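# A look at the structure
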Amino acid sequence: MKHLILVTSPPACGKTFISRQLAKALTNCVYLDKDTLIVLSKQIFKVAGEEYNRSSDFFQREIRDYEYYCVLDLAFEALDYNDTVLINAPFSDEIRNDEYLDSLRKELAKHDAELVVIWVNTRVDVCKERMIKRNSDRDTWKLEHWDEYIASCNFNQPDNIEELIVFENSSEEEYNESITRVVNQLRGE
């Protein structure tokens, strides 16, 4: 059976590092990162004369969903040639929307694939530390408006996904336990 693995969480929880480690540990896995599309998003902000702010109404209205459509289209295409595709992206609204998930499962069935969702569970204070440390321009607004930003995030693990695997990532010990457990689960061991 083919699998589309979504590695999800709010920003700075460790999705990218964990996604890369999982993709390396799995046999012949196609790795897709929604952040690869940021170069296109930045150009849209520039052409539209908008401030670069991935938390803005403009981003939500004109860019966000299209990034998801694009990365999912790439994933569906990859599933025609490979058994395992992993997407590193927050999917913050989508993973809490049963209608969206049902639609995604139906599309995956057309590719003889199943959905797996990995939720990266990380404490908020650890996320802030990591955001400061990575020093990325995509986080500037978030850090400058931390209280407003954090109020817009949902750090609670979703409770509506039967395919959910929780990856604990607030400490090195949690990471080490989780990487072994999750890789074994994904390999069917």
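Refer to the structure above for everything that follows.
Every residue gets a number counted from 1 within its own chain, in the order that chain's sequence is written. The predicted origin of the model limits local features to residues at a pLDDT of at least 70 and limits the giving and counting of side-chain atom pairs to 80 or more, whereas totals for whole chains, interfaces and linings rest on all residues. Working from all heavy atoms in the structure, the side-chain values ignore hydrogens and water.

Time to look at the pattern of salt bridges. Every case where a carboxyl oxygen of Asp or Glu lies within 4 Å of a side-chain nitrogen of Lys or Arg is listed as a salt bridge. As enumerated under the stated definition, the model contains 15 salt bridges in all. Between R61 and E62 there is a salt bridge, and its shortest N-O distance comes to 3.2 Å. Any residue under 20% of the maximum accessible area for its type is buried, any over 50% is exposed, and the rest in between are partly exposed; the area is computed with a 1.4 Å probe on protein chains only. By relative accessible area, R61 is classed as exposed at 53%. Here E62 falls in the partly exposed class, since its relative accessible area comes to 39%. A salt bridge links E107 to K110; its shortest N-O distance comes to 3.3 Å. Of the two residues, E107 and K110 both sit in helix 5 (residues 98-110), three residues apart, roughly one turn of that helix. Assessed through its relative accessible area of 24%, E107 is described here as partly exposed. Through salt bridges with shared partners, one network takes in R64, D65, D93 and E94. Secondary structure elements follow DSSP: runs of H or I no shorter than four residues count as helices, runs of E no shorter than two count as strands, and numbering proceeds from the N terminus.

Residue placement: M1 occurs in the segment before strand 1 (2-8). Look at M1 and you get exposed, because its relative accessible area is 63%. Separated by 111 residues in the primary sequence, M1 and D112 place their C-alpha atoms 6.7 Å from one another. In this description, contact between two residues means that some pair of their heavy atoms is separated by no more than 4.5 Å. Beyond its immediate sequence surroundings of up to four residues, M1 is in contact with D83, D112, A113 and E114.

The next subject is the side chain of N53. Position of N53 among the secondary structure elements: in the loop between helix 2 (38-48) and helix 3 (57-62). Pairs of N or O atoms are called polar contacts if they sit within 3.5 Å, as long as, within protein, a hydrogen donor faces a hydrogen acceptor (for residues adjacent in sequence, only side-chain-to-side-chain pairs). From its side chain, N53 meets the backbone nitrogen of S55 in a polar contact 2.7 Å long. Here N53 is in contact with F45, F59 and W141, once residues within four sequence places are set aside.

A few words on the nonpolar core. In this structure, I5, L22, I118 and L186 are the most contacted members of the largest nonpolar core, which totals 28 residues. Breaking this core down by element, the ones donating at least two residues are strand 1, helix 1 (15-25), strand 4 (113-121), helix 6 (124-134), helix 8 (146-151), strand 5 (164-168) and helix 9 (172-187). Among the elements that line this core, the one with the most residues is helix 9, at five residues. With residues near it in sequence (within four places) discarded, I5 still touches L26, T84, V85, L86, I87, V116, I118 and L186. As used in this record, nonpolar core signifies buried Ala, Val, Leu, Ile, Met, Phe, Trp, Tyr and Cys residues forming a set joined through side-chain atoms within 4.5 Å.

All right, on to the pairing of strand 5 then. In terms of burial, strand 5 is largely enclosed, as four of its five residues are buried. Of the strand pairs in this sheet, strand 4 and strand 5 are connected by five bridges, and their pairing is parallel. Residue pairing across strands places N121 opposite E168, the latter belonging to strand 5. The rule for pairing is simple: two strands pair if DSSP sees at least two bridges between them.

Lines fitted to C-alpha atoms define the axes here, with helix axes fitted over just the stretch in contact, and angles between the N-to-C directions of these axes take values from 0 to 180 degrees. Remark: helix 1 packs on helix 9, axes separated minimally by 10 Å, with the N-to-C direction vectors making an angle of 45 degrees. For the element pair helix 1 / helix 9, the angle class is oblique. Classified by chirality, the crossing of helix 9 by helix 1 is right-handed. Contact with helix 1, carried on its side by F17, I18, Q21, L22 and A25, involves Y175, I179, V182, V183, L186 and R187 of helix 9 and no other residues of that element. Classes in brief: Ala, Val, Leu, Ile, Met, Phe, Trp, Tyr, Cys and Pro nonpolar; Asp, Glu, Lys and Arg charged; the others, Gly included, polar. The residue inventory of the contact of helix 1 with helix 9, partitioned by class, reads nine nonpolar, one polar and one charged. Each angle receives one of four descriptions, namely roughly parallel if under 35 degrees, roughly antiparallel if over 145, roughly perpendicular if within 65 to 115, and oblique otherwise. When the near helix sits turned anticlockwise from the far one by under a right angle, the crossing is termed left-handed; a clockwise turn instead gives a right-handed crossing.

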